[in-house]
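These are the residues of each chain, in order.
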Amino acid sequence: MAVRAVRGATQLEEDTRDHMLERVAEMVTDVMEANGLVVDDFISAIFTATSDLVSEFPAYAARQLGFGEVPLICARELEIERSMPRVVRMMAHVETDLPRADITHVYLHGAAALRRDLTRTRDVPDA
């Protein structure tokens, strides 16, 4: 079993607690489904949020999904000119038999535009 990193990102429409929890839970669940993962496969996860998101810790959404034993941390995303607003990103370290090239990274809603360079992504843009 190898240790791999898997990425996810989502953009929120507004900074409200319920919306934050919904979008982050959707992202984490989609990362799990796209890569055949369960909570026990996660070693750790880092969540970042842009400075315009202050309603809730993104990691709390993962805690609500059963990540109570997984080390999680939240951090502030760099404030770069012209960067996308209201974005939560995740980088999780997981144990998996998937080769690195088969890991599927998940980019949801407006964040689907962030990493068009990756060959294996699951993009779900807003309608």
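From a predicted model like this one, the values you see are computed outputs, not experimental measurements.

**A word on unusual backbone geometry**
Here's step 1: With a phi close to 70 degrees, R82 is a non-glycine residue in the positive phi region.
Here's step 2: Within the secondary structure layout, R82 lies in the loop between β3 (72-76) and β4 (87-96).
Here's step 3: Positioned with a positive phi, H109 is a non-glycine residue whose angle comes to about 60 degrees.
Here's step 4: Along the polypeptide, H109 turns up in the loop between β5 (105-108) and β6 (121-124).
Here's step 5: Overall, the relative accessible area of 11% leaves H109 in the buried class.

**Re the nonpolar core**
Here's step 1: Of all hydrophobic cores here, the largest spans 29 residues; its most connected members are V24, F42, F47, F67, L72, V88 and M90.
Here's step 2: Contributions of two or more residues to this core are made by α1 (17-35), β2 (42-49), α2 (58-64), β4 and β5.
Here's step 3: With eight residues, the top contributor of residues to this core is α1.
Here's step 4: Contacts of F67, omitting those with residues within four sequence positions, involve V28, M32, V39, F42, A62 and L72.

**Topic: the pairing of β4**
Here's step 1: Within β4, seven of the 10 residues are buried, leaving the element largely enclosed by the surrounding structure.
Here's step 2: As paired strands, strand β1 (residues 2-11) and β4 are joined by 10 bridges and run antiparallel to one another. Paired with G8 across the two strands is M90, which belongs to β4.
Here's step 3: Pairing analysis gives seven bridges linking β2 to β4, with the strands arranged antiparallel. When the sheet's bridge partners are listed, S44 is paired in β4 with H93.

**Details of the pattern of salt bridges**
Here's step 1: Considering all chains together, one arrives at four salt bridges under this definition.
Here's step 2: In this structure, the salt-bridge partner of R23 is E13, at a minimum N-O distance of 2.9 Å. With a gap of 10 residues between them, R23 in helix α1 and E13 in the loop between β1 and α1 connect regions that are remote in the sequence.
Here's step 3: Of the residues examined, E13 reaches a relative accessible area of 53% and is grouped as exposed.
Here's step 4: Note that R17 and E56 form a salt bridge whose closest N and O atoms lie 2.6 Å from each other. Taken together, the residues R17 in helix α1 and E56 in the loop between β2 and α2 connect sequence positions 39 residues apart.
Here's step 5: Residue class for E56 comes out buried when judged on its relative accessible area of 17%.

**So, the environment of M90**
Here's step 1: Looking at where M90 falls in the secondary structure, it is placed in strand β4.
Here's step 2: Since its relative accessible area comes to 2%, M90 is described here as buried.
Here's step 3: Taking the C-alpha atoms as reference points, M90 and T10, 80 residues apart in sequence, are found 9.0 Å from one another.
Here's step 4: Sequence-distant contacts of M90, that is, excluding residues within four places in its chain, are made with V6, R7, G8, M27, V28, V31, A45, I46 and F47.

Conventions and cut-offs
- Residues numbered from 1 in each chain as written.
- Predicted model: local features only at pLDDT ≥ 70, side-chain atom pairs only at ≥ 80, totals over all residues.
- Heavy atoms only, no water.
- Helix = DSSP H or I, 4+ residues; strand = E, 2+ residues; numbered from the N terminus.
- Buried < 20%, exposed > 50% of the residue type's maximum accessible area, 1.4 Å probe, protein only.
- Core = buried A, V, L, I, M, F, W, Y, C linked by side-chain atoms within 4.5 Å.
- Contact = heavy atoms within 4.5 Å.
- Pairing = 2+ DSSP bridges.
- Salt bridge = Lys/Arg side-chain N within 4 Å of Asp/Glu carboxyl O.

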